[in-house]
Amino acid sequence: MEEVKWLEVAVNTSPERLDEVCAKLTAAGMAALVIEDEGEFQQFLEQNRQYWDYVDQELLDRMHGVCRVKFYVTDDAHGRAQLAQYVQGLDCEYTTAPLSENDWAYSWQKYYKPLTIGERLYVVPEWERDKPAPEGRTPVYLNPGLTFGTGSHASTQLCLEGVEAHVQPGDRVLDLGCGSGILAIAALCLGAAQAVGVDIDPKAVDVAYENAALNGIGREKCRFLAGNVLADPALVEDLGREKAQVVLANIVADVIIPLAPMVPRLLDPKGTFLCSGIIDTRGDEVAAALAAAGLRVTRRREKNGWVALEAQLA
């Protein structure tokens, strides 16, 4: 099998613009971001002292106060088209460097460590699953893949906190924009009986099934499929045949707003809709769209400039 090639994209920005750049990249569809800063550069120098005699002052000056946001796309026509979409209107200098699949896997593993979320959840990257989970924590094992959620982003953490608070044993869960499947899988680990995940990217389906298998979850309890609920009425009808007690959407405001009118067709009358991926400046706009769709916002969670809303049928 031919080895997949990747491009590592590094966007240089300032600490003041870091949140703005991350928000624009996330809104454009890139959810898996790695952030590096001047401190990491200094750490690199310290760890590699044996390889240099002095550091050029121009380099030190150039790195002073710099933040770098990295993400990855496949090194082919599709990946380059994605790159053009992600950086459009970004107004920042960026560089690209080719990586092999093994290079990518190695470079990303150092950034993903077990993550405690809420009262009970413990998100563990696959390569650290041999370490025991803290007492009282429910582990969720994950191989992040390339462009899918890992649990480290604030919006995913907010949604996971909502999952922990609302999922009850025996519930049916629907995850719109499932990515890696982390939200649906976490719900199943917490006792949900069934979970369905939908994503516009067909690659997400295989990633989500693989992550479910890592947690001992078979296809009798979960179903992942590719599709666009905003453009496929038949898909919405199919998903609404069995109402879900919890409906999830960790996407972006521009998708949640047109999605809102469809939620009452998918949600159990006593169920909860959890949506996240919303930049804080657009929280009220999304809340208004939910209200117009017949949903009553019951809670607003915030973290690091991101907002998650919980709503029920009015």
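Please refer to the structure higher up on the page.
Description of the structure in this document. Keep in mind it's a predicted model, so treat the numbers as computed, not measured.

**Focus on empty space enclosed by the protein**
Applying the stated criterion to the full structure yields one cavity of 30 Å³ or more. Reported here for the largest cavity is a volume of approximately 30 Å³. Contributing to the lining of the largest cavity are Leu158, Cys159, Gly162, Leu274, Cys275, Arg301, Ala308, Leu309 and Glu310. Looking at side-chain class alone, the lining of the largest cavity contains six nonpolar, one polar and two charged residues.

**What to know about the packing of aromatic side chains**
By the definition in use, this model includes two aromatic pairs. Here phenylalanine 71 and tyrosine 86 contribute two aromatic rings whose centre-to-centre distance is 5.7 Å and whose plane-to-plane angle is 90°, an arrangement assigned as edge-to-face. On the criterion of sequence distance, the pair formed by phenylalanine 71 in strand S3 (residues 67–74) and tyrosine 86 in helix H4 (residues 77–87) is long-range, its members being 15 residues apart. Residue phenylalanine 71 shares its accessibility class with tyrosine 86, and that shared class is buried. Ring centres of tyrosine 209 and phenylalanine 224 lie 5.2 Å apart, and the angle between their planes is 85°; on these two criteria the pair is classed as edge-to-face. One end of the pair, tyrosine 209, is in helix H8 (residues 203–214); the other, phenylalanine 224, is in strand S10 (residues 222–226), and 15 residues separate them in sequence. You can call tyrosine 209 buried: its relative accessible area is 14%. Judged by relative accessible area, which is 4%, phenylalanine 224 ranks as buried. If you follow arginine 129 out to its NZ or CZ, it ends over the ring of tyrosine 141, 4.4 Å from the centre. Geometry around tyrosine 209 places arginine 219 over its ring, the cationic atom sitting 3.6 Å from the centre.

**Points about the pattern of salt bridges**
Evaluation of the coordinates by the stated rule reveals 14 salt bridges. Two residues, lysine 70 and glutamate 8, come together in a salt bridge whose shortest N-O distance is 3.7 Å. Remark: glutamate 8 occurs in strand S1 (residues 5–13) and lysine 70 occurs in strand S3; sequence separation between them is 62 residues. Each member of the pair, lysine 70 together with glutamate 8, is buried. Among the salt bridges present, the one from glutamate 20 reaches lysine 24, with a minimum N-O distance of 3.2 Å. Residue glutamate 20 and its partner lysine 24 are located together in helix H1 (residues 18–27), separated by four residues, close to a single helical turn. On the basis of relative accessible area, lysine 24 is assigned to the partly exposed category, the value being 35%.

**Describing the sheet that holds strand S9 (residues 194–199)**
Spatial ordering of the open sheet is given by S10-S9-S8-S11-S12-S14-S13, a layout of seven strands whose pairing is mixed. The two strands at the open ends of the sheet, each matched to only one other strand, are S10 and strand S13 (295–303). Averaged over neighbouring strand pairs, the angle between their axes works out to 15° when direction is ignored. Note that strand S12 (residues 267–279) and strand S14 (residues 306–313) share five bridges and pair antiparallel. Its bridge partner lying in S14, cysteine 275 is registered against leucine 309.

**Some details on unusual backbone geometry**
Despite not being glycine, aspartate 91 has its phi angle at roughly 55°, a positive value. Tracing the sequence through the fold places aspartate 91 in the loop between H4 and strand S4 (94–100). Despite not being glycine, asparagine 304 shows a phi value in the positive range, around 50°.

**A short note on the side chain of aspartate 268**
Along the chain, the position of aspartate 268 falls in strand S12. At 2.9 Å, the side chain of aspartate 268 and the backbone nitrogen of lysine 270 are in polar contact.

**Here we look at the pairing of strand S8 (residues 172–176)**
Counting buried positions along S8 gives five out of five residues, so the element sits mostly inside the fold. Here S8 shows two buried faces, one formed by Arg172, Leu174 and Leu176 and the other by Val173 and Asp175. Pairing of S8 with S9, which is carried by five bridges, proceeds in the parallel orientation. Residue leucine 174 lies in a different strand from S9, and its bridge partner there is valine 196. Assessed by its sense of winding, the connection that carries the chain from S8 through helix H7 (residues 182–189) to S9 is right-handed.

**Overview of the sheet that holds strand S7 (residues 138–142)**
Ordered in space as S5-S6-S7, the three strands form an open sheet in which the pairing is mixed. The open sheet has two edge strands with one neighbour each: strand S5 (115–117) and S7. Looking at each pair of strands side by side, their axes are set apart by 25° on average, direction ignored. Bridge analysis of strand S6 (residues 121–125) against S7 gives five bridges, and the strand direction is parallel.

What counts, and at which threshold
- Residues numbered from 1 in each chain as written.
- Predicted model: local features only at pLDDT ≥ 70, side-chain atom pairs only at ≥ 80, totals over all residues.
- Heavy atoms only, no water.
- 1 Å grid on protein atoms, 1.4 Å probe; cavity = no way out; pocket = protein on both sides within 12 Å on 5 of 7 lines; lining within 4 Å.
- Points joined across faces, edges and corners; volume = space filled by probe spheres on them.
- Nonpolar A, V, L, I, M, F, W, Y, C, P; charged D, E, K, R; others polar.
- Phe/Tyr/Trp six-rings, centres within 6.5 Å; stacked < 30°, edge-to-face > 60°.
- Helix = DSSP H or I, 4+ residues; strand = E, 2+ residues; numbered from the N terminus.
- Buried < 20%, exposed > 50% of the residue type's maximum accessible area, 1.4 Å probe, protein only.
- Lys NZ or Arg CZ within 6 Å of the ring centre and 35° of its normal.
- Salt bridge = Lys/Arg side-chain N within 4 Å of Asp/Glu carboxyl O.
- Pairing = 2+ DSSP bridges.
- Axes fitted to C-alpha atoms, helices over the stretch in contact; angles between N-to-C directions.
- Polar contact = N/O pair within 3.5 Å; in protein donor to acceptor, adjacent residues only side chain to side chain.
- Right-handed = clockwise from strand over helix to strand, strands pointing away.

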